[in-house]
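Here is what each chain is made of, one letter per residue.
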Amino acid sequence: MTLATPRVFADAALGDVTANPHLCAGLAPDVLAQIYQDQCQIALWQRPVPSKAAAYIRALTQHRQHINVRQLLPVTSVTEALNAVLPKLAGYEDFVADVQQLADMFGCLFELNYIGLRLASLETAMCPSFHVDQVPCRLVTTYQGPGTHWLNTGQRQPLLDALGIKGALQGKGQELTQWQQLAVGEVALLKGEGWQDNIGRGLWHRSPPVPTGTYRLFLSLDMAE
């Protein structure tokens, strides 16, 4: 697998490049374990879409195939479940292997036997307003199309100042013009309000707009036990 080029994350509220104590990012998958650090609200594995899996994504586009999978299932059964529902196109086995690998990593990291899996082709934003998940932690990655938007502390403060926490999270008032965005292929763990002692600290994020005539291939994994 080709390593991604490290990206610098800018704090738009301060107008310069600064360290973000809530972000733990790296080129190796073991960076995801940093989510256990108290201050870390997003752990980011900076990888591209694996080249073998990319062949399947291109085939889906070429054949205009859309996907909508949402299941609660054992971690070890992801391959079997996807085998039953996904179109059998070029690169299919490699794509499924990548999803299974992410499920295995997620399950191992949190000692899970079951996970909630969602894999979908999206033509519109699922959750267009910035919000905080009520789960302990969620894994997200975008295989095609725009990646998830998220806010660092400096970027969300204007919303809090203008609207308060309730108004901000209900999507009322001003629209932000600055945010961070996951790159295609990157894998992120987003810490939510359900994490122990994390009330009021969870990562603010939203689904990105999807350009007309295109779609976003999105995967999320949730804790099921």
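None of the values given here were measured: they were computed from a predicted structure. (Residues numbered from 1 in each chain as written. Predicted model: local features only at pLDDT ≥ 70, side-chain atom pairs only at ≥ 80, totals over all residues. Heavy atoms only, no water.)

**Points about the overall build of the chain**
Logical step 1: Counting its secondary structure elements, the chain contains 4 helices and 12 strands.
Logical step 2: The proportion of buried residues among the 225 residues of the chain is 50%.
Logical step 3: Sequence-distant contacts in the chain: of pairs separated by 6 or more residues, those separated by 24 or more amount to 79%.
Logical step 4: Accessible surface for the chain amounts to roughly 10,800 Å². Of this, 53% is attributable to carbon and sulfur atoms. (Helix = DSSP H or I, 4+ residues; strand = E, 2+ residues; numbered from the N terminus. Buried < 20%, exposed > 50% of the residue type's maximum accessible area, 1.4 Å probe, protein only. Contact = heavy atoms within 4.5 Å. Areas by Shrake-Rupley, 256 points an atom, 1.4 Å probe, with all protein chains shown as cover.)

**Points about the sheet that holds strand S11 (residues 205–206)**
Logical step 1: Taken together, 3 strands build an open sheet; the order of strands is S9-S8-S11 and the sheet is antiparallel. The sheet terminates laterally at strand S9 (180–181) and S11, the two strands that pair on one side only. (Pairing = 2+ DSSP bridges.)

**Considering helix H1 (residues 51–62)**
Logical step 1: With 12 residues, H1 should reach 16 Å at 1.5 Å per residue; the first-to-last C-alpha distance of 17 Å fits that figure.
Logical step 2: On the buried face of H1, the contacting elements are helix H3 (92–110), strand S7 (137–144) and strand S12 (216–223).
Logical step 3: After H1 finishes, the residue Arg-64 shows a positive phi value of roughly 55°. (Expected span 1.5 Å × (residues − 1).)

**Some details on the confidence of the model for the chain**
Logical step 1: Averaged over the chain, the pLDDT score is 83; the fraction of residues at 70 or greater is 77%.
Logical step 2: Here residues 1–6 is a poorly scored stretch, pLDDT under 50, and it has 12 contacts once near neighbours within four places are set aside; other chains count.
Logical step 3: Under a pLDDT of 50 for its full length, residues 8–18 has, in the predicted model, 23 contacts with residues more than four places off or in other chains. (pLDDT = per-residue confidence, 0-100.)

**Let's talk about unusual backbone geometry**
Logical step 1: Backbone geometry places Arg-64, a non-glycine residue, at a positive phi of 55°.
Logical step 2: Residue placement: Arg-64 occurs in the loop between H1 and strand S5 (68–74).
Logical step 3: With phi around 55°, Glu-111 is a residue other than glycine that occupies positive phi space.

**Notes on the sheet that holds strand S3 (residues 23–26)**
Logical step 1: Strand order in this open sheet of 7 strands is S3-S4-S10-S7-S12-S6-S5, and the pairing throughout is mixed. Only two strands of the sheet have a single neighbouring strand rather than two, namely S3 and S5. Strand-to-strand twist of the sheet, defined as the mean angle between neighbouring strand axes without regard to direction, takes the value 15°.
Logical step 2: Against the sheet, H3 makes contact with strand S4 (42–45), strand S6 (114–122), S7, strand S10 (187–191) and S12, and its axis sits at roughly 165° relative to S7, the strand it touches most. (Axes fitted to C-alpha atoms, helices over the stretch in contact; angles between N-to-C directions.)

**Regarding the pattern of salt bridges**
Logical step 1: Under the defined criterion, the tally for this structure stands at 4 salt bridges.
Logical step 2: Residue Asp-98 pairs with Arg-47 through a salt bridge whose shortest N-O separation is 2.9 Å. Of this pair, Asp-98 sits in helix H3 while Arg-47 sits in the loop between S4 and H1, placing them 51 residues apart in sequence.
Logical step 3: On the basis of relative accessible area, Asp-98 is assigned to the buried category, the value being 6%.
Logical step 4: Here Asp-222 and Arg-138 are joined by a salt bridge, their closest N and O atoms 2.6 Å apart. Remark: Arg-138 occurs in strand S7 and Asp-222 occurs in strand S12; sequence separation between them is 84 residues. (Salt bridge = Lys/Arg side-chain N within 4 Å of Asp/Glu carboxyl O.)

**Considering the nonpolar core**
Logical step 1: Ranked by internal contacts, the top residues of the largest apolar core, which has 45 residues, are Leu-86, Phe-95 and Leu-119.
Logical step 2: Considering every element that reaches this core, the biggest residue donor is H3, with 8 residues.
Logical step 3: Not counting residues up to four positions away in its chain, the partners in contact with Leu-86 are Tyr-56, Ile-67, Val-69, Tyr-92, Phe-95, Val-96 and Leu-119.
Logical step 4: Within the second largest apolar cluster, 12 residues are counted, among which are Val-140, Leu-182, Leu-190 and Leu-203. (Core = buried A, V, L, I, M, F, W, Y, C linked by side-chain atoms within 4.5 Å.)

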